[in-house]
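Next come the chains, spelled out residue by residue.
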Amino acid sequence: MKKILFSIAAMAMLVGCGSKDDDTPPNGGNGTTTPTTQSDYLPTKKVKEIVSNFIMVEYRDGAPAPSLDSALEPSLNGQNFIVKTLNFSYEYDEKGRIKKITTKEEGKSDNVKTFTYGANSVKITFPNEDTGGIENREVGLNAAGNMLGLGTYDSNQRLTKGSRGDFEWTNDNLTKISEKRNWGGKITTFENQLSYNNNLNKNKFLLYNFEGDNIVGSYMQYFEFRIGWIQGVAPKNLLQQMVLTEDGTTLNYTHNYTYTFDTDGFVKTINETRNARAGSNIGLGFVTDTNYLTELRTLITNIQNGTEKNKKYQLVSDKSDEKVFDIIIPIKVEKDKNGKTIDLIVNKVARHTFKLKTENGVQVLDNIHVEISYNSDMTTTYQLNY
C-alpha cells in the first residue's frame, strides 16, 4: 500500500510556502463564472465517505525462476493477488472545506490528515510513513484562496506549471502535462495526455499527478489526500482517460475511467481500469535449444491458422537486423490469496527478440533472447456516499 498512499515526498514542494505570491483573483471572464474565492472551487454537494475495492499484487519470495520449458505455458511465477478494501471519510469546516480525512485499511491503524485554515494559510498535519511520526506543514493561500507551492496559477486561477511539468488547458479542461528530462545528455519528453467525457465535473475533481515513468493517475491517491487541497479551477468535464507517452510513444500506463451519477448529477460510482504490471520481468537469456524453437514455430503457425485460439501472436517491430514479437498467454485467476472470489485475467507475455547479422553477404540468425513479463487490466471501484 505504500505506493498507493501519500508519502512525505509528495509534500516536499509545499515547504517554505507560507506567504502570498503575486497571484490575484481573476478579473476577466472564464465561461459564465469567474472564480474569485475558495467557495468557487468547492463542490456544492459534499462527499462524506468513499469505499474503494481494488486488487493488490504480492510477490512471493523464493518462487522458482521460470524455465524455458514453461515459457509458452499458462503459468504464473509466485504472484499472489489480494482483494483489498479502503474506506475514506471526510469532515468539513463551517465554510465547506475539508478539515479531516480518515483512511481505513484492513489490518492497519487509521491514517488521519487534518487541514486547519487561517486567514492567509492552512496548516496540514499528516503521518510520516517512514518515521511513524506526525508531520506539520503550513501552506500559504493566495488572494483567491488557493494553496501556494503547488505550481503557478494563471489569471483564471488554473494551474499552468506544477512542480514537475507544464500544464496545457483546452476548452476549460486540463489536456496535457509535459516535461523534458536530460538523461545522460539525451533529452526525453514525457507527456501525460488527458481526455474527458461530456459530463460536467460537479465534484470539482482535479487529477493532475505526473510522476514520469512511474505515473500515478489514480483516484486512489486523490481521495486519500489531494481531494483536500484547494488548488484552483477544476476541469469542466470528468476525466475519461490518461495516457503517458515518452517521446511520442505510448507507454503501458494508460488509465480509463467510467462513472455513474445520482439524481443531482454528482458522481455516485467510479470504475478505474489501468494496465498494470502483475509480476516481475524475468529474462531467460539467449536461446539455442532447437526443441524450443520448433515448439515456438509450431505455436505461431497454429495461432495464425486459427488452430490455437487461447494464445496470441503480436509483432512488436520488424527491422532489417532485428525482429521482435510477443506470445501472449492469458491466465485466469479466480481466487485471491485469502480465497476471495475474483475475476482477473493476467497476461503472460513472452517477448522474443531475434537478432540478425550478415556473413559472407548472407543474412543469418545471430541470437535469440526471451523475456517473460506479466500484466493485467486491473479495475478499482469507488462508491461515493454523500
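Model, not experiment: these values are computed from the prediction. Residue indices follow the written sequence of each chain, beginning from 1 at its first position. Given that the model is predicted, a residue must reach a pLDDT of at least 70 before its local features are reported, and side-chain atom pairs must reach 80 or more before they are shown or counted; all residues, however, enter totals for whole chains, interfaces and linings. Hydrogen atoms and water are omitted, and side-chain values are computed over all heavy atoms in the structure.

Next up on the list: unusual backbone geometry. Even without being glycine, Asp-172 reaches a positive phi, approximately 65 degrees. Partly exposed describes any residue whose relative accessible area lies between the buried limit of under 20% and the exposed limit of over 50%, with all areas from a 1.4 Å probe on protein chains only and scaled to the type maximum. On the accessibility criterion, Asp-172 (28% relative accessible area) is partly exposed. Located in the positive-phi region is Lys-204, a residue other than glycine, with phi close to 60 degrees. Working definition: helices are DSSP H or I runs of at least four residues, strands are E runs of at least two. Numbering for both runs from the N terminus. Looking at the secondary structure, you find Lys-204 in the loop between strand S11 (186–200) and helix H1 (219–224).

Note on pairing: DSSP must find at least two bridges between two strands before they are called paired. Where strand S1 (residues 49–59) lies against strand S20 (residues 362–385), five bridges are found, and the strand directions are antiparallel. Looking across to S20, one finds that Ser-52 is bridged to Tyr-382. In the sheet, strand S15 (residues 267–277) pairs with S20 via nine bridges, with the strands oriented antiparallel. In the sheet register, Ile-270 faces S20, and the bridge partner there is Tyr-382. Examined bridge by bridge, strand S16 (residues 282–286) and S20 share four bridges and lie antiparallel to one another. Bridge pairing in S20 places Gly-285 opposite Val-370.

Any two rings among Phe, Tyr and Trp, with Trp reduced to its six-membered ring, count as a pair given centres within 6.5 Å; such a pair is stacked if its planes are under 30 degrees apart, edge-to-face if over 60, and tilted if neither. Taken as a whole, this structure holds 17 aromatic pairs when the rule is applied. Judged by centre distance (5.9 Å) and plane angle (65 degrees), the ring pair of Phe-115 and Phe-225 falls under edge-to-face. Placement of Phe-115 in strand S4 (residues 111–117) and of Phe-225 in the loop between H1 and strand S12 (237–246) is noted, with a sequence separation of 110 residues between them. Across the pair, Phe-225 and Phe-115 agree in class, each one buried. On the numbers, 5.7 Å between centres and 70 degrees between planes, the contact of Phe-205 with Phe-223 is edge-to-face.

Once that is clear, we can look at the confidence of the model for the chain. Here the chain averages 85 in pLDDT, and 86% of its residues register 70 or above. Within a predicted model, pLDDT stands for the predictor's per-residue confidence, ranging from 0 to 100. In what follows, residue pairs with any heavy atoms lying within 4.5 Å of each other are defined as contacts. Throughout residues 1–9 the model reports pLDDT below 50, and contacts reaching past four residues in sequence, or to other chains, amount to 26 contacts. Per-residue pLDDT stays below 50 along residues 15–32; that stretch engages in 40 contacts with residues further than four places along the chain or on separate chains.

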